[in-house]
Amino acid sequence: MSQPFLYALVGVGLFVLGLYALIIHAHLLRKILAINVMGSGVFLMLVALAGRHPDAPPDPVPHAMVITGIVVAVSATALALILMLKVYAVTGQTALDDEKPN
Amino acid sequence: MSITNPATGKAFRWLVMLLLSAIGGWLAYVMLVLSRSPAGLGDQVAAQLNTTGVGNPVTAVLLNFRGYDTLLEMAVLLIALLGVWSLGGLADYQDTAPGPTLDTLSRVLAPMLIMVAAYLLWVGADAPGGAFQAGSVLGAAGVLLQLAGWRLGDCFSGMLLRVVLISGLGLFILVGAGLLLIGGAFLQYPPALAGGLILLIETAATLTIGATLAALFLGNRPGLGPKKADPEKTEPDHGNQHP
Amino acid sequence: MLHWAFDGLLGTGLLWLAWRALTTPDLFKAIVLFFSFGLLMALAWVRLNAPDVALAEAAIGAGLTGALLLAALARLDTSNQPANPVTGDGESDLVDH
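Residues numbered from 1 in each chain as written. Chains lettered and ligands numbered in written order. Predicted model: local features only at pLDDT ≥ 70, side-chain atom pairs only at ≥ 80, totals over all residues. Heavy atoms only, no water.

Considering the nonpolar core
Condition: We define a nonpolar core as any set of buried Ala, Val, Leu, Ile, Met, Phe, Trp, Tyr and Cys residues linked to one another through side-chain atoms lying within 4.5 Å. Only protein chains enter the calculation, and the probe is 1.4 Å; a residue is then buried if its accessible area is under 20% of its type maximum, exposed if over 50%, and partly exposed in between. These domain boundaries are the output of an automatic or database domain assignment. Pairs of residues are marked as contacts when any of their non-hydrogen atoms sit within 4.5 Å.
Counting 113 residues, the largest nonpolar core has Leu44 and Met84 of chain A, Tyr189 of chain B together with Phe37 and Trp45 of chain C as the members making the most contacts within it. No fewer than three residues from each of domain 1 (1–37) and domain 2 (43–218) of chain B sit in this core. With sequence-adjacent residues up to four places away left out, phenylalanine 37 of chain C is seen in contact with Leu14, Val37 and Ser40 of chain A together with Leu14, Leu17 and Ala18 of chain C. Judged by nonpolar contacts, the second largest core, of 7 residues, contains Leu120, Ala134, Val137 and Leu138 of chain B.

Here is the structure:
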């Protein structure tokens, strides 16, 4: 058990928490929040694995990937939020209807 | 609590929890195995760092070794903005006049944020920082200005804005193509020029990321929203005019 | 010893904030909890020796994402009141189609 491994486990926990919330919640804004939490969990796992050797300096490649990922995540969130507002404007609901797939 | 889907039954919820704990246990096991695997690419990056033109390994990876990733990432930003703009037609935020505190704060903070962004961009070559961090600080400045009621003037929201939005991706591709023309590989900088080229690309990328994030926050295509009267979109590098 | 206590506290805090942000009935509270989650994430990046990621997270995860979410929530809330003249004409022609 090392310090990066602890954070990797926290990342696993965040991923699972986010996935659970993504499945359970119907409100689209909550689904977007859940996806963001899942993403944070994945980033945490990546960076924790990058620093798995306590003596060597951390691996910069996962760090760069995570920085790219954070910016992509925020742009995807913005697009998802606009889509949610559009769904709301058209249907008047903040959740997708399971019953009528059309 | 009624925040969850009412159609979700209790049995289903237990099933989901069971499956998710299986996924969680499996992921934890994978983490354990991976955390014992030998070193990653850190040594190779360190060995090649003096040919990249920058001293910060993360910047070297982002702009040099994995330049493709950053290039495609700029494309993702642009596509997300195009998606938001093509979906547009949302009402603008209500223009309640900002209080004196927010107004003053935005006037003081925005230039400071722009300076911080420039510092982060410059220092990114050798210390933590770089185009992404600087761009997001610039985007934050844009969001702050929009919250305080500033909108980009008409003369800036047309061609100039679009040039800024596309310059990051465009310059990246131009540099890559130029390197192809002089006989190199795509985005494989000659070590003598690498530092300058990376700084050039990063500057354009910073402006593009900042402008894109600010535009994503506004959500409307400038000048073509449902309310024609509003010249929209703030972009902090040019003179703004107060509505 | 002390750094283990700090890491443990930070990890627990992250998980707890994420759980609260995902289950709080009030959406506004959920988003504010998500803000603080982003700030703690920035701390976690510093602890993991990733200052570059910490800078990006502090600006984006703790600032921009929260601002985007709050803005979307405000637009949801204002469109709940059709009497509002400002959002009214913007939304109505979309609903009619």
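Quick look at empty space enclosed by the protein
Threshold: Put plainly, a pocket is an open set of points on a 1 Å grid over the protein atoms alone with protein on both sides within 12 Å along at least five of seven lines, a cavity is a set where a 1.4 Å probe fits but cannot get out, and a lining residue has an atom within 4 Å of a point. Grid points are joined across faces, edges and corners, and a volume is the space filled by probe spheres set on the points. By the criteria applied, helices consist of DSSP H or I runs no shorter than four residues and strands consist of E runs no shorter than two, each listed in order from the N terminus. Polar here means any residue outside two lists: the nonpolar Ala, Val, Leu, Ile, Met, Phe, Trp, Tyr, Cys and Pro, and the charged Asp, Glu, Lys and Arg; Gly therefore counts as polar.
Overall, the coordinates contain 5 cavities of 30 Å³ or more when judged by the stated rule. One number sums up the size of the largest cavity: a volume of about 70 Å³. Taken together, 11 residues form the lining of the largest cavity, with Leu81 and Ile82 of chain A together with Leu68, Ala72 and Arg75 of chain C sitting closest to its centre. Taken together, the elements giving at least two residues each to the lining of the largest cavity come down to α3 (60–91) of chain A, α8 (191–218) of chain B together with α3 (51–79) of chain C. When grouped by side-chain class, the residues that make up the lining of the largest cavity number 10 nonpolar, no polar and 1 charged.

Comments concerning the interface of chain A and chain C
As a reminder, the rule being used: What gets called buried area is simply the loss in accessible area from a 1.4 Å probe that two parts show on being joined, summed for both. In what follows, salt bridge is the name for a side-chain nitrogen of Lys or Arg lying within 4 Å of a carboxyl oxygen of Asp or Glu.
Listed per partner, the contact involves 44 residues of chain A and 45 residues of chain C. Taken over both partners, the interface formed by chain A and chain C buries close to 3700 Å², and the fraction arising from carbon and sulfur atoms is 80%. Of all residues in chain A, Tyr7, Arg30 and Leu33 of chain A give up the largest surface area on contact with chain C, accounting jointly for 16% of the area buried on that side. Where chain A packs against chain C, one counts 0 salt bridges.

Some thoughts on unusual backbone geometry
Residue and element names in this part refer to chain C. The phi dihedral of asparagine 49 is positive, around 65 degrees, even though this residue is not glycine. Relative to the helices and strands, asparagine 49 resides in the loop between α2 (27–47) and α3. For asparagine 49, a relative accessible area of 53% corresponds to the exposed category.

With respect to the pattern of salt bridges
Residues and elements named next belong to chain B. Overall, the coordinates contain 3 salt bridges over all chains when judged by the stated rule. Between aspartate 69 and arginine 66 there is a salt bridge; the shortest N-O distance is 3.1 Å. A relative accessible area of 42% places arginine 66 in the partly exposed class.

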